[in-house]
Amino acid sequence: MTSSNHQSNTAPCSSELNIWVFHDARPGHLSQLEGLVNRLSCHQKCEVNWFNVTQNKLNLQHILYIPEFLKHQTAPDLILGAGHRTHLSVLIAGLKFKAFTTLIMKPSLPSVLFNTVICPKHDGLEDSQKVLCTLGALNKITPASAMAEQPNRNKHIMLIGGPSKHFIFDETQLISSIQQICESNTLKVWHLSDSPRTPTSFIPNLQKLALTNLKLYSYSDDNFGALNTVLKQSAVTWVTPDSMSMVFESLTAGAKTAVFDMTLSRKGKPSRIAKQIRELINEGQVASFKSWQQEKGKMDSMERLTHSPPLWEAERAALWLLKRLKDLAKSETN
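How each quantity is defined
- Residues numbered from 1 in each chain as written.
- Predicted model: local features only at pLDDT ≥ 70, side-chain atom pairs only at ≥ 80, totals over all residues.
- Heavy atoms only, no water.
- Helix = DSSP H or I, 4+ residues; strand = E, 2+ residues; numbered from the N terminus.
- Rg over C-alpha atoms; globule rule 2.2 N^0.38 Å.
- Contact = heavy atoms within 4.5 Å.
- Areas by Shrake-Rupley, 256 points an atom, 1.4 Å probe, with all protein chains shown as cover.
- Disulfide = S-S within 2.5 Å.
- Buried < 20%, exposed > 50% of the residue type's maximum accessible area, 1.4 Å probe, protein only.
- Salt bridge = Lys/Arg side-chain N within 4 Å of Asp/Glu carboxyl O.
- Pairing = 2+ DSSP bridges.
- Axes fitted to C-alpha atoms, helices over the stretch in contact; angles between N-to-C directions.
- Phe/Tyr/Trp six-rings, centres within 6.5 Å; stacked < 30°, edge-to-face > 60°.
- Expected span 1.5 Å × (residues − 1).
- pLDDT = per-residue confidence, 0-100.
- Right-handed = clockwise from strand over helix to strand, strands pointing away.

This next bit is on the overall build of the protein. The helix and strand inventory of the protein stands at 9 helices and 12 strands. In terms of C-alpha radius of gyration, the protein reaches 22 Å, essentially the compact-globule figure of 20 Å for 334 residues. Seen through its principal axes, the protein has C-alpha atoms that stretch 65 × 40 × 40 Å. Sequence-distant contacts, at least 24 apart, represent 69% of the contacts inside the protein between residues at least 6 apart. Only carbon and sulfur atoms are counted for the fraction: they give 50% of the accessible area of the protein, which is about 16,200 Å².

Going through the model one piece at a time under the given rule, you end up with 0 disulfides. Free cysteine: Cys133, not disulfide-bonded; nearest cysteine sulfur from Cys119 at 4.5 Å. For Cys133, a relative accessible area of 10% translates into the label buried.

Before going further, it helps to examine the pattern of salt bridges. Pairing between side chains of opposite charge can happen when the charged atoms of each approach one another. According to the stated counting rule, one finds 8 salt bridges in the structure shown. A salt bridge links Lys140 to Glu34; its shortest N-O distance comes to 2.9 Å. On the criterion of sequence distance, the pair formed by Lys140 in the loop between strand E6 (131–134) and strand E7 (155–159) and Glu34 in helix H1 (residues 27–43) is long-range, its members being 106 residues apart. Given the relative accessible area of 40%, Lys140 is considered partly exposed.

This paragraph deals with the sheet that holds E7. Within the open sheet, the 6 strands sit side by side as E9-E8-E7-E10-E11-E12. Their pairing is parallel. In this open sheet, the two edge strands, each paired with only one partner strand, are strand E9 (214–217) and strand E12 (287–288). Pairing analysis gives 4 bridges linking strand E10 (residues 234–239) to strand E11 (residues 256–259), with the strands arranged parallel. When the bridges of E11 are listed, Val239 appears paired with Val259. Across the sheet, helix H6 (residues 244–253) touches E7, E10 and E11, and the angle it forms with E11 is around 160°.

Glancing now at the packing of aromatic side chains. Given two aromatic rings, their pairing is described by the distance between the two centres and the angle made by the two planes. According to the stated counting rule, one finds 10 aromatic pairs in the structure shown. Aromatic pair Tyr217 and Phe224: ring centres 5.2 Å apart, planes at 70°, arrangement edge-to-face. Here Tyr217 matches Phe224 in class, with each residue buried.

A few words now on H1. If you check H1, its first and last C-alpha atoms are 25 Å apart, about what 17 residues at 1.5 Å a residue would give, namely 24 Å. Listing the buried residues of H1 in full gives His29, Leu30, Ser31, Gln32, Leu33, Gly35, Leu36, Val37, Arg39, Leu40 and His43. At its buried positions, H1 is contacted by strand E1 (17–23), strand E2 (46–52), strand E3 (78–81), strand E5 (116–120), H6 and helix H9 (313–333).

We now examine the confidence of the model for the protein. With 91% of its residues at a pLDDT of at least 70, the protein reaches an overall mean of 88. Mean pLDDT values for the elements of the protein range from 87 in helix H8 (residues 289–295) up to 98 in E3. Here residues 1–12 is a poorly scored stretch, pLDDT under 50, and it has 35 contacts once near neighbours within four places are set aside; other chains count.

Overall, parallel pairing links the 6 strands, which are arranged E2-E1-E3-E4-E5-E6 in an open sheet. With one partner strand each, in any of the chains shown, E2 and E6 form the two edges of the open sheet. Adjacent strand axes in the sheet meet at a mean angle of 15°, parallel and antiparallel pairs treated alike. Bridge count between E1 and E2: 7 bridges; the pairing is parallel. By the bridge assignment for E2, Leu17 is matched with Cys46. Along the sheet, H1 contacts E1, E2, E3 and E5; its crossing angle with E2, the most-contacted strand, is approximately 170°. Sheet strands touched by H9: E1, E3, strand E4 (100–103), E5 and E6. Its angle to E6, the strand with the most contacts, is close to 175°.

Along the chain, Trp20 falls in strand E1. Ignoring sequence-local partners within four residues, the contact set of Trp20 consists of Asn49, Phe51, Leu70, Gln73, Thr74, Ala75, Pro76, Leu78, Ile79, Leu80, Ala93 and Phe97.

This part is about the pairing of E10. Successive side chains on a regular strand alternate, one facing one side of the sheet and the next facing the other. Burial analysis of E10 places 5 of its 6 residues in the buried class, which makes it a mostly covered element. Bridge count for E7 against E10 is 5 bridges, and the pairing is parallel. Its bridge partner lying in E10, His156 is registered against Val236. In this fold, the crossover linking E10 to E11 by way of H6 has right-handed handedness.

It is worth spelling out the pairing of E3 at this point. Across the two faces of E3 the burial is the same, with Leu78 and Leu80 and Ile79 and Gly81 all buried. Bridge count between E1 and E3: 4 bridges; the pairing is parallel. Counted as the bridge partner of Phe22 is Gly81 from E3. The pairing of E3 with E4 spans 4 bridges and is parallel.

In structure tokens:
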């Protein structure tokens, strides 16, 4: 697995980096942007301004004049965007202010129009001077290994997604798997949270089993706790494979991670996300329910999992981007 270096050699320059961030208010995109901005700010003094394109969006006419919401802003050095709705705003602001532009996903516009692209490996691009492919989407979790005080890993977590174009969400099969895990060791208490995509029938059907070592939470109640904190407290985290972002958040947090078995939506032609889940299993970074069943009673398959060197893609992306900016500054002074 590609890893990140937790140590930075030097900041790219001594001056403040002015960053504009265009976002579409979607939680997943915000998490990616916040993760990158947090790491950039750890290595370089930054001033950051955030713009929600659902409220303030640039269009082609803004090449001719500056819109009111930008008139009193300091011109940017770096412009970031995540979400297809941000791409045109990033492009126009970059042209208007002659700023360095970076998208955190595969562009909907030709990539040649942007200075750099940071995107998950499953987007299908290849690493280059302009493209950095990451293992999964960026997130704002700081690995426990990078923290001065190591958290107490005393929780066992289950995170449930829902129907997707990658896997068939078989509620009966999933509930059976959860029951087997809970009944294999009744001394372990499992904390399970659903998500916005989870069918409304799932939690009530799971409650019918009356498993004494399973605590159920609904995302809408907001009582599960902040995911980045909970994952750092987790000894083992089970995730449905459709929840790719949660798989990588768990790996970044340093929790031993396993995925429930789910049937592929397209058996003859698995999606890129399905292929990446299979790669993680084959590489021993993630356990599968099948491997857990085979190992049960012997050496637990969880004990075989290793995440060394740790995964910290937001850090790796920040250092890569700062180097691109530094290289550009050098070329302009020569």
